[in-house]
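# Overview (structure and organization)
The lines below spell out each chain.
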Amino acid sequence: MHYDETPETFTSQIVHFANDFGVNVVGGCCGTTPAHLKLVVEAMQGITPKARDARLVPAASSIYFQQPYVQDASFLIVGERVNASGSKKMRDLLNAEDWDGLVSLAKEQEREGAHILDVNVDFVGRNGEVDMHELASRLVTSIKLPLMF
């Protein structure tokens with residue numbers, strides 16, 4: 001691996017982020033050298049941090065979607081069909097190791113209006129750690145909703 005950014009190109013990008021996006025904290029990364037940071041520090045001397053109006057919105061998130069805890073319906077709908085403790089269909093799909101079927105079950109919950117999915121693979125005679133890794137790795141790229149493990 002080779003870090004391609006020169007101190008000048010790196011600094012110009014940092015200045016762009018500070019001026020145009022209002023970042024208030026800057027620094028280097030694993031390829032920067034003292035020469036990179038020297039130019040960044042010098043460039044930042046003339047930039048005033050922008051005021052931010054950050055508001056905390058209580059929510060859960062997935063890699064795709066932020067689900068606020070305050071919904072129009074005034075309650076949080078937890079989809080529980082991807083929970084082996086309460087869904088026979090889920091247990092049957094899990095025992096058959098039908099991962100696509102389990103993803104379809106989760107998508108069905110998403111279509112039906114769930115705000116968050118309760119994911120539980122604990123079932124007698126199965127390796128929950130292995131099952132959770134397999135299912136969670138599929139759900140995080142297939143389902144937009146936040147997952148509750």
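Quick summary incoming for the structure in this document. On a predicted model such as this, the values are computed, not experimentally measured, just so you know.

### Overview of the packing of helix 1 (residues 7-21) against helix 2 (residues 34-44)
One way to put it is that helix 1 packs onto helix 2 with a least axis distance of 9 Å and a crossing angle of 35°. Taken as a pair, helix 1 and helix 2 cross one another with a handedness that is right-handed. Of the residues in helix 2, those touching helix 1 at Pro7, Glu8, Phe10, Thr11, Ile14, Val15 and Ala18 are Ala35, His36, Leu39, Val40, Ala43 and Met44. Of the residues contributing to the contact of helix 1 with helix 2, the split by class is 10 nonpolar, two polar and one charged.

### Quick notes on the environment of Val124
With respect to the element layout, Val124 can be found in the loop between strand 4 (116-118) and helix 5 (128-142). Classification of Val124 by relative accessible area gives exposed; the value is 79%. Separated by 18 residues in the primary sequence, Val124 and Ala106 have C-alpha atoms spaced 21 Å apart.

### Quick notes on the packing of helix 3 (residues 88-95) against helix 4 (residues 99-111)
Contact geometry of helix 3 with helix 4 gives a least axis separation of 8 Å together with a crossing angle of 155°. Looking at the two axes, helix 3 sits roughly antiparallel to helix 4. Here helix 3 runs over helix 4; the crossing is left-handed. From helix 3, Lys89, Met90, Leu93 and Leu94 reach across to helix 4, where they touch Trp99, Gly101, Leu102, Leu105 and Glu108. Classifying every residue of the contact of helix 3 with helix 4 gives six nonpolar, one polar and two charged.

### Some words on the packing of aromatic side chains
Counted according to the given criterion, the structure contains one aromatic pair. Between Phe17 and Phe21, the aromatic rings sit 5.4 Å apart at their centres with planes inclined by 40°, giving tilted as the arrangement. Within this pair, Phe17 and its partner Phe21 are both found in helix 1, separated by four residues, close to a single helical turn. Residue class for Phe17 comes out partly exposed when judged on its relative accessible area of 39%.

### Quick word on the nonpolar core
Residues Val82, Met90, Leu117, Leu135 and Leu139 are the most contacted members of the largest nonpolar core, which totals 19 residues. When residues of this core are traced back to their parent elements, those giving at least two are helix 3, helix 4 and helix 5. In terms of residue count, the dominant contributor to this core is helix 4 (five residues). Excluding residues that lie within four positions of it along the chain, Met90 makes contacts with Arg81, Val82, Asn83, Ala84, Leu102, Leu105, Asn120, Val121 and Leu135. Core analysis: the second largest hydrophobic core is formed by six residues, Phe10, Ile14, Ala18 and Met44 among them.

The rules behind the values
- Residues numbered from 1 in each chain as written.
- Predicted model: local features only at pLDDT ≥ 70, side-chain atom pairs only at ≥ 80, totals over all residues.
- Heavy atoms only, no water.
- Axes fitted to C-alpha atoms, helices over the stretch in contact; angles between N-to-C directions.
- Helix = DSSP H or I, 4+ residues; strand = E, 2+ residues; numbered from the N terminus.
- Left-handed = near helix turned anticlockwise from the far one by under 90°.
- Contact = heavy atoms within 4.5 Å.
- Nonpolar A, V, L, I, M, F, W, Y, C, P; charged D, E, K, R; others polar.
- Buried < 20%, exposed > 50% of the residue type's maximum accessible area, 1.4 Å probe, protein only.
- Parallel < 35°, antiparallel > 145°, perpendicular 65-115°, else oblique.
- Phe/Tyr/Trp six-rings, centres within 6.5 Å; stacked < 30°, edge-to-face > 60°.
- Core = buried A, V, L, I, M, F, W, Y, C linked by side-chain atoms within 4.5 Å.

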